[in-house]
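Fold and geometry: a report
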Amino acid sequence: DLYGAAIFGVGVEDFRLSGSELSANLGGACESAGRPVAHGAVSLVSGSRGVTITGNTFTAHIAELGKYIGLSGAIYIEGATGVLLGQNLFLQNMAGMNNGVGGALVVERSTAVQVDGNRMFDNHAADDDAAEPAPGGAVPINTPTDLRLANNVMADNTTDAATALPLIGTHALT
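Summary of the structure given here.

Across all of its chains, the model carries four salt bridges by this definition. Here Glu-13 ties to Arg-49 by a salt bridge, and the two come within 3.3 Å at their closest N and O atoms. In this pair, Glu-13 sits in the loop between strand 1 (7-10) and strand 2 (16-18) while Arg-49 sits in strand 7 (residues 49-54), placing the two residues 36 residues apart along the sequence. Looking at Glu-13, the relative accessible area reads 46%, which means it is partly exposed. When its relative accessible area of 46% is taken as the criterion, Arg-49 is described as partly exposed. Among the ionic pairs, Asp-116 bridges to Arg-148, the shortest N-O distance being 2.9 Å. Remark: Arg-148 occurs in strand 19 (residues 145-150) and Asp-116 occurs in strand 15 (residues 111-116); sequence separation between them is 32 residues. Given the relative accessible area of 32%, Arg-148 is considered partly exposed. It is possible to trace a salt-bridge network through shared partners that takes in Glu-78, Glu-108 and Arg-109.

See below:
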């Protein structure tokens with residue numbers, strides 16, 4: 001099983017990615033999930049702490065190949081603590097040709113999350129009218145605690161359902 005086309009981490013401490021350009025990675029797949037899923041270029045899961053992703057450019061990543069559900073075209077973060085996503089550019093990423101969530105970024109079940117000063121343009125979640133609803137043309141955020149969103153620009157992001165920025169089960173939003 002494989003996640004994260006360019007970078008994959010489980011329980012990583014003090015992860016730093018800055019000043020990099022990542023482009024045209026095709027998301028890896030995981031058959032052992034409840035249903036097959038694929039993540040985009042960067043995937044950090046299961047207890048990662050101290051995650052800093054700043055000043056990068058993510059362009060034209062695709063998460064989902066065939067039967068897989070795409071979770072984030074560029075970055076997928078799940079179960080992390082202390083996350084800073086700042087000053088990144090997300091351009092033309094896709095979280096699913098048929099089924100997908102979060103064109104640029106997905107954050108799930110994470111705490112102390114800051115999404116600050118990012119630019120997200122022309123990202124897309126799902127493209128099939130028969131697909132289940134696909135929230136987050138730019139960024140869906142699911143059940144975080146202590147979430148801060150500031151100074152982000154989101155334009156021309158598309159999805160078959162919901163909005164560019166659905167916040168699901170969000171607590172302590174500032």
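On we go from here.
Below, the discussion takes up the pairing of strand 14 (residues 105-108). Residues of strand 14 alternate between two faces, with Leu-105 and Val-107 on one and Val-106 and Glu-108 on the opposite face, all of them buried. When strand 10 (residues 75-78) meets strand 14, the two strands line up parallel, connected through four bridges. Its bridge partner lying in strand 14, Ile-77 is registered against Val-107. As paired strands, strand 14 and strand 18 (residues 141-142) are joined by two bridges and run parallel to one another. In the strand pairing of strand 18, Glu-108 is matched with Asn-142.

Here the focus is the nonpolar core. Grouped together as the largest cluster of nonpolar side chains are 26 residues, with contacts concentrated most on Val-42, Ile-53, Phe-58, Ile-75, Ile-77 and Leu-85. Looking at this core, the elements with two or more residues in it are strand 6 (42-45), strand 7, strand 10, strand 11 (81-86), strand 14 and strand 15. Residue contacts for Ile-77: discarding those within four places in its chain leaves Leu-44, Val-51, Ile-53, Val-83, Leu-85, Val-106, Val-107, Glu-108 and Ser-110.

Glancing now at the side chain of Glu-108. Along the polypeptide, Glu-108 turns up in strand 14. What Glu-108 contacts, discounting residues up to four positions off in sequence, is Tyr-76, Ile-77, Glu-78, Gly-79 and Asn-142.

Turning our eyes to something else, we now look at the packing of aromatic side chains. Per the stated rule, a full pass over the model turns up one aromatic pair. Where Phe-58 meets Phe-90, the ring centres are 5.1 Å apart and the plane angle is 10°; that geometry is what we call stacked. You can see Phe-58 sitting in strand 8 (residues 57-59) and its partner Phe-90 sitting in strand 12 (residues 89-91), a full 32 residues away along the chain. A relative accessible area of 0% places Phe-58 in the buried class. Overall, Phe-90 belongs to the buried group, its relative accessible area being 0%.

Calculation rules
- Residues numbered from 1 in each chain as written.
- Predicted model: local features only at pLDDT ≥ 70, side-chain atom pairs only at ≥ 80, totals over all residues.
- Heavy atoms only, no water.
- Salt bridge = Lys/Arg side-chain N within 4 Å of Asp/Glu carboxyl O.
- Helix = DSSP H or I, 4+ residues; strand = E, 2+ residues; numbered from the N terminus.
- Buried < 20%, exposed > 50% of the residue type's maximum accessible area, 1.4 Å probe, protein only.
- Pairing = 2+ DSSP bridges.
- Core = buried A, V, L, I, M, F, W, Y, C linked by side-chain atoms within 4.5 Å.
- Contact = heavy atoms within 4.5 Å.
- Phe/Tyr/Trp six-rings, centres within 6.5 Å; stacked < 30°, edge-to-face > 60°.

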